[in-house]
Every structure is written in structure tokens, then in C-alpha cells.
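Structural overview
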Amino acid sequence: MTEAGMQRMASRVFAALLADDDGSMTSAELGEQLRISPAAVSGAVSYLTQVSMIGRERDPGSRRDRYRLHHELWYSTFASRDQVLTRWERTLRDGARSLGEDTPAGTRLAETAEFFAFLQSELAGVLDRWRESRMKQGDGPAR
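A quick note: this is a predicted structure, and the numbers were derived from the prediction, not measured. (Residues numbered from 1 in each chain as written. Predicted model: local features only at pLDDT ≥ 70, side-chain atom pairs only at ≥ 80, totals over all residues. Heavy atoms only, no water.)

Another aspect to go through is helix 3 (residues 38–50). The first and last C-alpha atoms of helix 3 sit 18 Å apart over 13 residues, in line with the 18 Å expected at 1.5 Å per residue. The inward-facing, buried residues of helix 3 abut helix 1 (8–19), helix 2 (27–34), strand 2 (54–58) and strand 3 (65–69). Trailing helix 3 by a residue or two, Ser-52 shows a phi angle of about 60 degrees, which is positive. (Helix = DSSP H or I, 4+ residues; strand = E, 2+ residues; numbered from the N terminus. Expected span 1.5 Å × (residues − 1). Contact = heavy atoms within 4.5 Å.)

Moving on: the nonpolar core. Membership of the largest hydrophobic core comes to 21 residues, with the highest contact counts inside it found for Val-13, Leu-17, Leu-30, Val-45, Leu-48, Met-53 and Ile-54. For this core, the secondary-structure elements that each account for two or more residues are helix 1, helix 2, helix 3 and strand 3. In contact with Leu-30, not counting residues within four places along its chain, are Val-13, Ala-16, Leu-17, Met-25, Arg-35, Ile-36, Val-41, Val-45 and Tyr-67. Counting 7 residues, the second largest nonpolar core, distinct from the first, contains Tyr-75, Leu-85, Phe-116 and Leu-127. (Core = buried A, V, L, I, M, F, W, Y, C linked by side-chain atoms within 4.5 Å. Buried < 20%, exposed > 50% of the residue type's maximum accessible area, 1.4 Å probe, protein only.)

Turning to the pairing of strand 2, a few remarks are in order. Alignment of strand 2 against strand 3, held across 5 bridges, turns out to be antiparallel. Bridge pairing links Arg-58 to Asp-65 in strand 3. From the end of strand 2 to the start of strand 3, which pair antiparallel, there are 6 residues, and Gly-61 there has a positive phi angle of about 75 degrees. (Pairing = 2+ DSSP bridges.)

The end-to-end C-alpha separation of helix 4 (residues 73–99) is 39 Å, in line with the 39 Å expected for 27 residues at 1.5 Å each. Within helix 4 the residues assigned to the buried category are Leu-73, Tyr-75, Thr-77, Leu-85, Thr-86, Glu-89, Leu-92, Gly-95 and Ala-96. Looking at the buried side of helix 4, the elements it contacts are helix 1, strand 3 and helix 5 (104–136). Phi for Gly-100, located one or two positions after helix 4, is positive at around 95 degrees.

A separate point is the sheet that holds strand 3. Either a parallel or an antiparallel arrangement is found when strands of a sheet pair, and the pairing is made through backbone hydrogen bonds. Taken together, 3 strands build an open sheet; the order of strands is 1-3-2 and the sheet is antiparallel. Edge positions in the sheet fall to strand 1 (24–26) and strand 2, since each of these pairs with one other strand and no more. The average undirected angle you get between the axes of adjacent strands in this sheet is 30 degrees. Note that strand 1 and strand 3 share 3 bridges and pair antiparallel. (Axes fitted to C-alpha atoms, helices over the stretch in contact; angles between N-to-C directions.)

What follows is about the pattern of salt bridges. According to the stated counting rule, one finds 8 salt bridges in the structure shown. Two residues, Arg-66 and Glu-29, come together in a salt bridge whose shortest N-O distance is 3.6 Å. Of this pair, Arg-66 sits in strand 3 while Glu-29 sits in helix 2; the two residues are 37 residues apart in sequence, bridging distant segments of the chain. As a salt-bridge pair, Arg-131 and Asp-128 come within 3.5 Å of each other at their nearest N and O atoms. A residue pair is termed a helical-turn pair when its members lie 3 or 4 positions apart in one helix, as Arg-131 and Asp-128 do in helix 5 at 3 residues. A cluster of three or more residues bridged by salt bridges with shared partners is formed by Arg-56, Arg-58 and Asp-65. (Salt bridge = Lys/Arg side-chain N within 4 Å of Asp/Glu carboxyl O.)

Laid out in C-alpha cells, this is it:
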């Protein structure tokens, strides 16, 4: 995950949650398992929460937070990327117009915007096919 650009501690925390049977741990459990400081856990869970890969919930009958992987994690993560791709595409198109689409830089930005538009349309199809395959397997619709 770090090779794909995720922060090192966030990658470690995410991997620990992914390998946990119920996909959830408290800060103390994460720190103990990974042998990292509370500050390192805090920074990692803040990042993972911000990018919607994990959620925070209260331990029943406790004041401690528990961090949990989202149900249908990958579907949700990639579905939310749709909004990011749309923003990037719009920004790139605006940039191409500002620079002039007939300039080398404007052409580059317009081509990049086209790539994001293509990626977005393909991603939507992939997510639809995934949802269909899950329903056929009897796992119900993706959330």
C-alpha cells in the first residue's frame, strides 16, 4: 500500500484491521499489535477516516473508540473516487480553456481531462458489474 502512495503508518494500521477477524480494533489494540505510539495510531486513523477507508464507533459500554473497516470497503472507496475524478476532470478542462486548447500545455490538460472522463465511465461500469456479481452470489447489493 505504501508503494501505491499510502502513508506508511496508515498502511500498517489498515493491514492490521484487514487481517483482524472482525475488522475492528481500539487504538490501544492497534498500538500494542503494531508496537507503535498512540500518536502514530492517531495520525494513521485520522488519515484512514478522512479517506473513508475506516469508521469510528464507540465500544459498547465504554468510552473507547473502535476503528472498523467499512462494509464493502473497496466498492465504497472506489465509488467515492467518482466525485474526485469529476472534480479533476472539470479543473483540467478549465485549465485547458484558460491556457488555450491549441497550446501544447492546453492540449496536455485537455488530454488528461479526457483520460479522467474515460476512467470515470469505465469505473462506473466496473462497479455496476461488481454489484451484479455480488447479487448473483447472494451477497445482496453493495452498500
